[in-house]
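# An overview of the molecular structure
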Amino acid sequence: MKKEEINTSRPVTPPSTGGKSGDKWGQSLQSMFELALESQGPARTARLLEKLAKQLRTSSPELLRTFNTPYINTISPDEQPPYPGDRDLERRIKSYIRWNAMATVVKANSTTNVGGHISTYASAATLYEVGFNHFFRGQSENFPGDLVYFQGHAAPGVYARAFFEGRIDERHLLNFRQELAEGGGLSSYPHPYLMPEFWQFPTVSMGLGPLMSIYQARFNRYLQARGLVNWKEEPKIWAFLGDGESDEPETLGSLTLASRENLDNLIWVVNCNLQRLDGPVRGNGKIIQELECAFLGAGWNVIKVILGGSWDDLIARDKSGLLLKRMEEAVDGDYQKYSVEPGSYTRRHFFSKYPELLELVNNITDEQIHKLVRGGHDPQKVYAAYKAAVEHKGQPTVILAKTVKGYGLGEGGEGRNITHQQKKLNEKELREFRARFNIPISDDVIAEMPFYRPPADSPETKYLLERRKALGGFLPSRKFTPKPLDVPKLEDFAEFFKGSSMEVSTTMAFARLIKVLLRHKGIGRNLVPIIPDEARTFGLDALFKDIGIYSSKGQIYDPVDSESLLYYHEAKDGQILEEGITEAGSMSSFIAAGTSYATHAVPMIPFYIYYSMFGPQRVGDLFWLAGDIRAKGFLLGATAGRTTLNGEGLQHQDGHSLLYASTIPTCLPYDSAFAYEVAVIITEGLRRMYAEGEEIFYYLSLYNENYAMPAMPPGVEDGILKGLYKFKPGADDKKHKAHIFGSGPIINSALKAQEILAERYNVSADVWSATSYKLLRTDAIRCKRWNMLHPAQPPQKSYIETLLAKEQGVFVAVSDNIRTVPDQVAPWVPGGLMTLGTDGFGRSDTRNRLRRFFEVDAESTVIATLYALAQKKLGEPQLVEKAIKDLGVDPEKLRPQLV
Ligand SMILES: Cc1ncc(C[n+]2csc(CCOP(=O)(O)OP(=O)(O)O)c2C)c(N)n1
Ligand SMILES: [Mg+2]
């Protein structure tokens, strides 16, 4: 069909659904369609339809929005199931929780400035209460409970409910955000690190909760597919998030994984109160319609809950279609205004646009107009949506629930732009709040904002407890029975301790080691190798065939390399999580696997191996969260080292991940030089985390430079784990004494420097392997602090101080990291530490040239050692100058770190 055959200038009027002419019009269109199908075939017809649709979209975009449905509830009143609960009782319960949530924040801020939020929970109360009374299932035998990601800023409401349930008492509420108060307090937001028996999922760094919930839902499927769990029912994952939060790229970034994997165990509830912190989320548009497009396009089941029941009658009476038209016209900025202004304003500005609409509301008062409630505040509508969501098959569901931010706060902040930051209410506002929600608190004490908890035998308390009992118990709750694993022993890695003349890298050593682990009877099945499309880079592609890549669909195609031994093997019970290029997604899998010991009482051991530069630098907030959530496992920053990863240049060469990792309180970072070190560290990590139950995780840098791996010297295991041990002492017969700390492959610079110093400069240098500066520092700080606070007692000595106490001479550190990494221990090194490092942007070049450029090669190490000796008056100053000349180092060369 030619373009001109459709007259796009003519207004396109949709046929009315009733009436004879409409029927006729529809019938002839149908026959034309059938004719086209028959004569042109489905492919051409589809192309034709697409073309027509495109033309229609250009001429009248509002009429054809492939990914939008009308701005009304997805579930019509006649499809609504009956409400199964006692609405009156539930309203009272919710009102008391609202009051206590508000009072928790306002009280805390009447004597302190600790902050907190009222308006997020105020808008979400119904969304949570319907869930608590009818959907969220607690843990029971052979059922881990539904997993609920609570919106971080709604925490006061979750505490207020726990108070009502008798799980926490008034003292806790009084100490909201005052965790260091006597007797403890409540954390500001969901933090399992701070409240390990209560919160399961940290959510307050916006975007991370939604992202993690997708990977958690997929991980639940993985556990089932691999036969590691056998639940009587499948838990649902509920993620509650804000509409403003949807602007975080992490929030919407992995939507298609959820639909691709048919995660119908996943339900998102987006609280669309149309506001974020500063103002409207989309003042000039409609966030609900925008999100609907994104979710429908990504293949989700979308349920919109826009209007409360009080609108049903108006919608039913509107035969003109103008009410819907007007709703579509108004933007979120308008709706926010309607929530703040009286009903007369809405009548004047919303309804009066069309005379028919004005007539429609003739029989209702301004007050009633003001009370036309939004869908997210109507339990009936919310219940209908939740029920449809839990019953939906084959797709994840998102519920877009329209609410008012600060609902019920009235002039104290309802719908106002300041509402997110509102933490105080005056007495008048408190009285209004009390009246609106019928809270039985008397006038004489209202100013004190007492908490209100009905007696244990009240109908409210009985109902609330009965509902939770019927649903399997309280929630959130983080409880589990520790299950120690039968972890490997050092002997299992004997091959790594013998050394090898064959040149290998620590990455290759790891690839070998993980094979041993996968075969281990005690833990093999618990391993979860996680890879973001880099297996071939790290030599781990052999695992594809061995243990398979997890795919819920198995492998329904014949892989292109099926003839080869190491073919790309996907399987329904595959063990590898091959995530594709998503470090944030891979970290989410690491977290889901690393917390499985608590979430499901099934200890899993994630080994997440990735390009070190795209670790904490890229997704540092998830590393931090891994600490908060008490994740266990191993993070392996491969192709580490600013000079060891040669060629790749500035964006790839990492010299600072170890510093980032050092900042995480529960992370043990290691920089290993030799295969046996990797084996010792991983064995100990497995023991501490999976036999002893410590809630910590490990970070290991792995490198891709090949060199002969030495045998393990006797008795060094303890030093490897504590962070420093003497690897190779210098010759005894030299005039001067020095010590060089080396890490990773750069230990080879130290070893070569040792030779040069002995042969040419009469210096005996001991070479030490520095495996963890962070651990040395933490231990040293611990002792220093203890000594300061116990001045009358014999001082404690840290490991590093004890180790170096008797050593003479100077100390130099060299590594493939920025200088700040070794500098962490400088205060405890006798006489100070001369540090070399790779500060500055990387370059693509050969290792030798890079190491000279960054001054971490053997020659630079020699010069630094001689200089340190000269500085301490232990060596001859002329030697430094001589060495610079002898060794061909250009003193005027470019300085890598410029500012
Ligand atoms: C990553 C991140 N950036 C910024 C913030 C600060 N912040 C906290 S709440 C908030 C607004 C939240 O708006 P919305 O998601 O719509 O939630 P609502 O409170 O409206 O339900 C902001 C900006 C944060 N917590 N996390
Ligand atoms: Mg919001």
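Our subject in this report is the structure included herewith. This structure is a prediction, so every number in the text was calculated from the model and none was measured.

Attention shifts here to the pattern of salt bridges. As enumerated under the stated definition, the model contains 53 salt bridges in all. One salt bridge in this structure joins R282 and E290, with 2.7 Å as the shortest N-O distance. When its relative accessible area of 40% is taken as the criterion, E290 is described as partly exposed. Across the pair R536 and D541 runs a salt bridge, and its minimum N-O distance is 3.6 Å.

On to the coordination of the magnesium ion (ligand 2). Geometry reference: four tetrahedral donors at a metal, ideal angle 109.5 degrees. Six octahedral donors, ideal angles 90 or 180 degrees. Around the magnesium ion (ligand 2), the protein contributes the donor atoms D243 (OD), N273 (OD1) and Q275 (O), at 2.0 to 2.2 Å from the metal centre. Taken in sequence order, the residues that donate to the magnesium ion (ligand 2) follow the motif D-x29-N-x1-Q. Remark: N273 occurs in the loop between β3 (266-272) and α9 (287-297) and D243 occurs in the loop between β2 (237-242) and α7 (249-252); sequence separation between them is 30 residues. The class of D243 is buried, set by a relative accessible area of 1%.

It is worth spelling out the sheet that holds strand β18 (residues 763-770) at this point. With respect to topology, 5 strands assemble into an open sheet ordered β16-β18-β17-β19-β20, the strand pairing being mixed. The open sheet terminates on both sides in strands that have one partner only, identified here as β16 (724-728) and β20 (834-836). Averaged over all adjacent pairs, the angle separating strand axes in this sheet is 30°, with direction ignored. For strand β19 (residues 810-814) and β20, the ladder comprises 3 bridges, and the chain directions are parallel.

Next up on the list: the packing of aromatic side chains. As enumerated under the stated definition, the model contains 53 aromatic pairs in all. The interplanar angle of 80° and the centroid separation of 5.4 Å between the aromatic rings of F135 and Y386 together place this pair among those described as edge-to-face. Here F135 is found in the loop between α3 (119-134) and β1 (147-149), whereas its partner Y386 is found in helix α16 (residues 379-391), with 251 residues between them in sequence. Like Y386, F135 is buried. Above the plane of the ring of F451 lies K107, whose end atom (NZ or CZ) is 5.2 Å from the centre. In this structure, K632 packs its charged tip against the face of Y690, placed 5.4 Å from the ring centre.

Taken together, W25, L29 and M32 make up a surface patch of nonpolar side chains, about 350 Å² in accessible area. Looking at the secondary structure, you find W25 in helix α1 (residues 20-59).

Residues of helix α11 (residues 322-329) that are buried include every one of L322, L323, R326 and M327, and no others. The arc that holds every buried residue of α11, seen down its axis, measures 140°, which confines them to one face. Those residues of α11 hidden inside the fold are in contact with α10 (312-317), α12 (332-340), α13 (343-349) and α14 (355-360).

Looking at the element boundaries, A638 is found in strand β12 (residues 633-638). The sequence separation of A638 and Y610 amounts to 28 residues, and the corresponding C-alpha distance is 5.7 Å. Excluding residues within four positions of it along the chain, A638 makes contact with T507, F538, I609, Y610, Y611, S612 and L702.

Around ligand 1 lies a shell of 18 residues, among which T120, Q151, D243, G244 and K405 are the nearest. Measuring from a nitrogen atom of ligand 1, one finds a backbone N or O atom of V204 at 2.9 Å. Here ligand 1, which alone exposes 590 Å², has 76% of that area covered by the protein. Classifying every residue of the shell around ligand 1 by side-chain character gives 3 nonpolar, 10 polar and 5 charged.

Moving on, we get to the environment of I781. Positionally, I781 belongs in helix α30 (residues 773-789). A C-alpha to C-alpha distance of 10.0 Å links I781 and P827, two positions 46 residues apart in sequence.

Relative placement of two packed helices is described by the angle separating their axes and the distance separating the axes. Between helix α21 (residues 506-519) and helix α27 (residues 675-691), whose axes approach to 9 Å, the crossing angle comes to 40°. Taken together, the axis directions place α21 and α27 in an arrangement best described as oblique. In terms of crossing hand, the pair formed by α21 and α27 is right-handed. On α27, the residues touching T506, A509, F510, L513 and L517 of α21 are A675, V678, A679, I682 and L686. In terms of residue class, the contact of α21 with α27 is built from 9 nonpolar, 1 polar and no charged.

Formed by 104 residues in total, the largest nonpolar core has its most connected members in I214, W268, W300, F351, M587, F590 and F741. Among the elements that line this core, the one with the most residues is helix α6 (residues 208-225), at 9 residues. With near-sequence residues (within four places) excluded, W300 lies in contact with I214, L255, A258, S259, L266, W268, F295, Q395, P396, T397 and V398. Residues F634, Y690, I696 and I863 belong to the second largest nonpolar core, which totals 92 residues.

Note the cis peptide between L475 and P476, where omega equals 5°. Tracing the backbone through its elements, the reader meets P476 in the loop between α19 (459-470) and α20 (494-497). Although it is not a glycine, R177 adopts a positive phi angle of roughly 60°. One can find R177 in the loop between α5 (170-174) and α6. We note that N262 has phi near 50°; this positive angle belongs to a residue other than glycine. Here N262 is to be found in the loop between α8 (255-260) and β3. Overall, N262 belongs to the partly exposed group, its relative accessible area being 33%.

Let us look at the environment of N363. With respect to the helices, strands and loops of the structure, N363 is situated in the loop between α14 and α15 (366-370). Here N363 falls in the exposed class, since its relative accessible area comes to 54%. N363 has contacts with R317 and Q368, leaving out every residue within four places of it along the chain.

It is worth spelling out the side chain of H191 at this point. Considering the arrangement of structural elements, one finds H191 in the loop between α5 and α6. Judged by relative accessible area, which is 15%, H191 ranks as buried. Not counting residues within four places of it along the chain, the set of residues in contact with H191 comprises W199, V204 and D628.

Reading the values: the criteria
Residues numbered from 1 in each chain as written. Chains lettered and ligands numbered in written order. Predicted model: local features only at pLDDT ≥ 70, side-chain atom pairs only at ≥ 80, totals over all residues. Heavy atoms only, no water. Salt bridge = Lys/Arg side-chain N within 4 Å of Asp/Glu carboxyl O. Buried < 20%, exposed > 50% of the residue type's maximum accessible area, 1.4 Å probe, protein only. Donors = N, O, S within 2.8 Å, 3.2 Å for Na, K, Ca; no water. Helix = DSSP H or I, 4+ residues; strand = E, 2+ residues; numbered from the N terminus. Pairing = 2+ DSSP bridges. Axes fitted to C-alpha atoms, helices over the stretch in contact; angles between N-to-C directions. Phe/Tyr/Trp six-rings, centres within 6.5 Å; stacked < 30°, edge-to-face > 60°. Lys NZ or Arg CZ within 6 Å of the ring centre and 35° of its normal. Patch = residues over 30% accessible without salt bridge, like charges linked within 9 Å, V, L, I, M, F, W, Y side chains within 5 Å. Areas by Shrake-Rupley, 256 points an atom, 1.4 Å probe, with all protein chains shown as cover. Arc of directions from axis to C-beta. Contact = heavy atoms within 4.5 Å. Near = heavy atom within 4 Å. Polar contact = N/O pair within 3.5 Å; in protein donor to acceptor, adjacent residues only side chain to side chain. Nonpolar A, V, L, I, M, F, W, Y, C, P; charged D, E, K, R; others polar. Parallel < 35°, antiparallel > 145°, perpendicular 65-115°, else oblique. Left-handed = near helix turned anticlockwise from the far one by under 90°. Core = buried A, V, L, I, M, F, W, Y, C linked by side-chain atoms within 4.5 Å.

From the geometry alone we can't say anything about function, so treat these as descriptive.
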